[in-house]
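Structural overview
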Amino acid sequence: MSWYELASAAGESGHSSDLIFVIPGIGLEVTSVVTTMWVIMGLLILLGWLTTRSMQRLPEGRLQNIMEMVVEALLGLLEQVMDRKRAVQYLPLLGSFFLFIIVSNYSGLIPGAGEIKGFKAPTSHWGVTAGLAIVVFVAVQLNGIRKKGLKYFKHFAEPVMMAPLMIPLNILEEVVKPFSLSLRLAANIYGGEVVLMGLLMAIPYFLPITVLGLEVVFGFIQAFIFTVLAAVYIGSATSEESH
Amino acid sequence: MEFSMYELIWAIINFLIFFGVIRLVFWKPIIKMLEDRRQAVIENIARAEEAKAEAERLRQEYEQQLQAAREESKEIINKAVKMADETRGRLLNDARGEADRIMERAQRSIREEKDKALAELREEVASLAVLAAERVIEKEINEADHKHFVRQVIDEVGEVQ
């Protein structure tokens, strides 16, 4: 059963309600989530370019200092999961996940998100988080193979004594990882937005502020969890010792 | 919660493009910068340690040189003092010898002068005595008596002397 069928079986339609346009020829639908993704990614690339455009060894600009702090924090986080060499190697991929997810999460807290056409928090949609999780899944397998060669597949059959039982279980585990990764992220962000929306309709004053504050924390935590788990998956797939 | 296959496909495409671009414009330069700085810090610390060790080595070397110089100067002073003592003793000895020689020469010359003076005096006294005797006993004495008398006077003078 594919993810798509799984998701469809969960009760939602395969079509998004807020279609903006369809790319002719291949028929790819562009929804509000997709346009928001473009804007967020564009802004992040712009920010990145502005940061590195005039970098100095002794940073004087505020932007460079802030971004260096972010990068150092992410690197420190990865170093707790893997050795420094690999942390530096995988920082671009995992850091990009973190930056995109946290900005996406917070985009849903901006007034008008979900109501204005073409503006909807991408990470509140399972399709988007599933896409990200598939990238994580592929990155884990590719890096595992690149690091260990065919020996990478050995761990699917471990412990060897119970190989016939373990192979399907391990493969299932490998598939469940991105599944849970994507569902956790989307459900949390979506849930948060629903709660916020409901509260705003019920009691429009004061109370939503506390929930909004909580959502800021949750948005960070979810981006953090996604990044750390992806780091753990990549770390264990590329580690020297068996697991 | 909605699930759209299109959004899934878009998410993959978008993320891959986003990752490709931001890796080039942001991650690579900033990681290079951070690693360079880290490397520079590590090198600087190593260099500082090295410089410190070198300074400590030089300090000890100078200390040793200073100690050696101090000992050498002490030795030189001692040697000079010793040499001065020796020179003083020698000069003193020389001077003493010279003084003795001068003294001896002086005494000898005094003795010679005295002897000469005494001889001259004896001559003079003899002549004076003859002259005096002639005046006293003019004509009352003959040649023989005269000679006898003169001899007597000379002897007396010799005894007196």
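Residues numbered from 1 in each chain as written. Chains lettered and ligands numbered in written order. Predicted model: local features only at pLDDT ≥ 70, side-chain atom pairs only at ≥ 80, totals over all residues. Heavy atoms only, no water.

**A look at the overall build of chain B**
Basically, it comes down to this: Comment: elements are numbered from the N terminus, with helices defined as DSSP H or I runs of at least four residues and strands as E runs of at least two. When we talk radius of gyration, it's over C-alpha atoms, and the globule rule is simply 2.2 Å times the number of residues to the 0.38. Residue exposure (1.4 Å probe, protein chains only): buried if accessible area is under 20% of the type maximum, exposed if over 50%, otherwise partly exposed. The accessible surface values rely on the Shrake-Rupley method and a 1.4 Å probe; as for residues, cover is taken only from the protein chains in view. Charged-residue counts in this description rest on Lys and Arg as positive and Asp and Glu as negative, His and the chain ends being excluded. Throughout, a charge is located at the NZ atom of Lys, the CZ atom of Arg, the CG atom of Asp or the CD atom of Glu.
Counting its secondary structure elements, chain B contains two helices and zero strands. Computed over its C-alpha atoms, the radius of gyration of chain B comes to 62 Å, more than 25% above the 15 Å expected for a compact globule of 161 residues. In chain B, buried positions account for 14% of the 161 residues. Of the roughly 13000 Å² of accessible surface on chain B, 57% is carried by carbon and sulfur atoms. Between the mean site of the 27 positive side-chain charges and the mean site of the 34 negative ones, chain B shows a separation of 8 Å.

**Observations concerning the overall build of chain A**
Operational definition: Note on contacts: a residue pair qualifies if any of its non-hydrogen atoms lie within 4.5 Å across the two residues.
Of the regular secondary structure elements, chain A holds seven helices and two strands. Each helix (α) and strand (β) of chain A, taken in turn from the N terminus, gives the series α-β-β-α-α-α-α-α-α. Counting only C-alpha atoms and orienting by the principal axes, one finds that chain A spans roughly 60 × 55 × 45 Å. Put simply, chain A has 243 residues, and 45% of those count as buried. In chain A, of all internal contacts separated by at least 6 residues, the share reaching a separation of at least 24 is 62%. Surface accessibility of chain A: about 12500 Å² in total, with carbon and sulfur atoms responsible for 71%. Here chain A contributes 15 positively and 17 negatively charged side chains, and the mean placements of these two sets differ by 9 Å.

**Here we look at the pattern of salt bridges**
Two side chains with opposite charge may pair up if their charged atoms get near one another. Cut-off, in case you're wondering: For salt bridges, the criterion is a side-chain nitrogen of Lys or Arg within 4 Å of an Asp or Glu carboxyl oxygen.
Under the defined criterion, the tally for this structure stands at 12 salt bridges over all chains. Where Glu54(B) meets Arg57(B), a salt bridge forms, and the shortest distance between an N and an O atom there is 3.1 Å. Here Glu54(B) pairs with Arg57(B), and both are found in helix 1 (residues 5-136), just three residues apart, close to one helical turn. The partly exposed category is assigned to Glu54(B), whose relative accessible area is 37%. One continuous salt-bridge network, built from bridges that share partners, spans Glu79(A), Arg84(A) and Glu35(B).

**Describing the interface of chain A and chain B**
Cut-off, in case you're wondering: Using a 1.4 Å probe, buried area is obtained as the accessible area two parts lose upon being combined, added over both of them. Here a polar contact means two N or O atoms within 3.5 Å. Within protein one must be a hydrogen donor candidate and the other an acceptor candidate, and residues neighboring in sequence count only if both atoms are side-chain atoms. Each residue gets one label: Ala, Val, Leu, Ile, Met, Phe, Trp, Tyr, Cys and Pro are nonpolar, Asp, Glu, Lys and Arg are charged, and the others, such as Gly, are polar.
Residue-level contacts link 61 residues of chain A with 34 residues of chain B. Together chain A and chain B conceal approximately 4300 Å² of surface at their shared face, both sides included; 75% is due to carbon and sulfur atoms. For the pair chain A and chain B, the interface holds nine residue pairs in polar contact (both at pLDDT 80 or more). Put simply, the parts of the chain that give the side of chain A that touches chain B at least two residues each are helix 1 (3-9), strand 2 (28-31), helix 2 (32-53), helix 3 (62-79), helix 4 (84-107), helix 5 (126-148) and helix 6 (163-202) of chain A. It is helix 2 of chain A that provides the largest number of residues to the side of chain A that touches chain B, a total of 11 residues. For the side of chain A that touches chain B, the class distribution of residues is 36 nonpolar, 18 polar and seven charged.

**Quick notes on the environment of Arg86(A)**
Residue and element names in this part refer to chain A. Take Arg86: it is sitting in helix 4. Overall, the relative accessible area of 8% leaves Arg86 in the buried class. For the pair formed by Arg86 and Ser239, sequence separation is 153 residues and the distance between their alpha carbons is 9.3 Å. Setting aside anything within four residues of it in sequence, one finds Arg86 in contact with Lys147, Gly235, Thr238 and Ser239.

**Looking at the pairing of strand 1 (residues 19-23) of chain A**
Residue and element names in this part refer to chain A. Basically, it comes down to this: Two strands are said to pair when DSSP picks up at least two bridges between them.
Strand direction decides the pairing type here: strand 1 and strand 2, joined by four bridges, are antiparallel. Each residue of the ladder has a partner; that of Ile23, found in strand 2, is Leu28. Between strand 1 and the antiparallel strand that follows it, strand 2, lie four residues; Gly25 among them carries a positive phi value of about 95°.

**Quick word on helix 4 of chain A**
So the rule is basically this: The span one expects for a helix is its residue count, reduced by one, times 1.5 Å. Consider a residue and the seven residues that end there alongside the seven that start there; fitting an axis to each set, the bend is the angle between those axes.
Compared with an ideal rise of 1.5 Å per residue, which puts 24 residues at 34 Å, helix 4 of chain A spans 32 Å between its outermost C-alpha atoms and is within 8% of the ideal. Of all bends in helix 4 of chain A, the biggest is about 55°, found at Leu91(A), and the proline Pro92(A) comes one to four residues later.

**Looking at the side chain of Thr129(A)**
Residues and elements named next belong to chain A. Along the chain, Thr129 turns up in helix 5. With a relative accessible area of 0%, Thr129 lands in the buried category. Looking at Thr129, its side chain comes within polar contact range of the main-chain oxygen of Ser182, at 3.0 Å. In this view, Thr129 contacts Thr123, Ser182, Leu185 and Ala186; residues no more than four positions away in its chain are not counted.

**Observations concerning the packing of aromatic side chains**
Residue and element names in this part refer to chain A. Formally: Pairing of aromatic rings covers Phe, Tyr and Trp, the last through its six-membered ring, and needs centres within 6.5 Å; plane angles under 30 degrees mean stacked, over 60 mean edge-to-face, and all others mean tilted. Lysine NZ or arginine CZ positioned within 6 Å of the ring centre and within 35 degrees of the ring normal marks a charge as sitting over the ring.
What the rule picks out here adds up to 14 aromatic pairs over all chains. Plain terms: the ring middles of Phe98 and Phe220 are 6.0 Å apart, the flat faces sit at 85° to each other, and that makes the pair edge-to-face. With Phe98 in helix 4 and Phe220 in helix 7 (residues 207-238), this pair connects stretches of sequence that are 122 residues apart. You can call Phe98 buried: its relative accessible area is 8%. Above the ring of Trp49, the side-chain terminus of Arg53 is found at 5.4 Å from the ring centroid.

**Brief notes about the environment of Pro168(A)**
All names here are of chain A. Mapped onto the elements, Pro168 comes out in helix 6. According to the relative accessible area criterion, Pro168 is partly exposed, its value standing at 47%. In this structure the C-alpha to C-alpha distance between Pro168 and Pro24, which are 144 residues apart in sequence, comes to 41 Å.

**A closer look at the nonpolar core**
Heads up, the rule is: By nonpolar core is meant a set of buried Ala, Val, Leu, Ile, Met, Phe, Trp, Tyr and Cys residues that side-chain atoms within 4.5 Å join together.
In terms of nonpolar packing, the biggest core is built from 53 residues, with Leu94(A), Phe97(A), Phe100(A), Phe15(B) and Trp27(B) touching the most fellow members. Within the residue set of this core, elements represented by two or more residues are helix 2, helix 3, helix 4, helix 5, helix 6 and helix 7 of chain A together with helix 1 of chain B. If one sorts the elements of this core by residue count, helix 4 of chain A sits on top with 12 residues. With residues near it in sequence (within four places) discarded, Leu94(A) still touches Leu78(A), Met82(A), Thr227(A), Ala230(A), Ala231(A) and Ile234(A). Membership of the second largest hydrophobic core comes to five residues, among which are Trp126(A), Ala130(A), Ala186(A) and Phe3(B).

**A word on the confidence of the model for chain B**
As a reminder of what qualifies: Per residue, pLDDT measures the predictor's confidence, with a range of 0 to 100.
Residues of chain B with pLDDT of at least 70 account for 95%, and the chain-wide mean is 90. Across the predicted assembly, pTM comes out at 0.72 and ipTM at 0.86.

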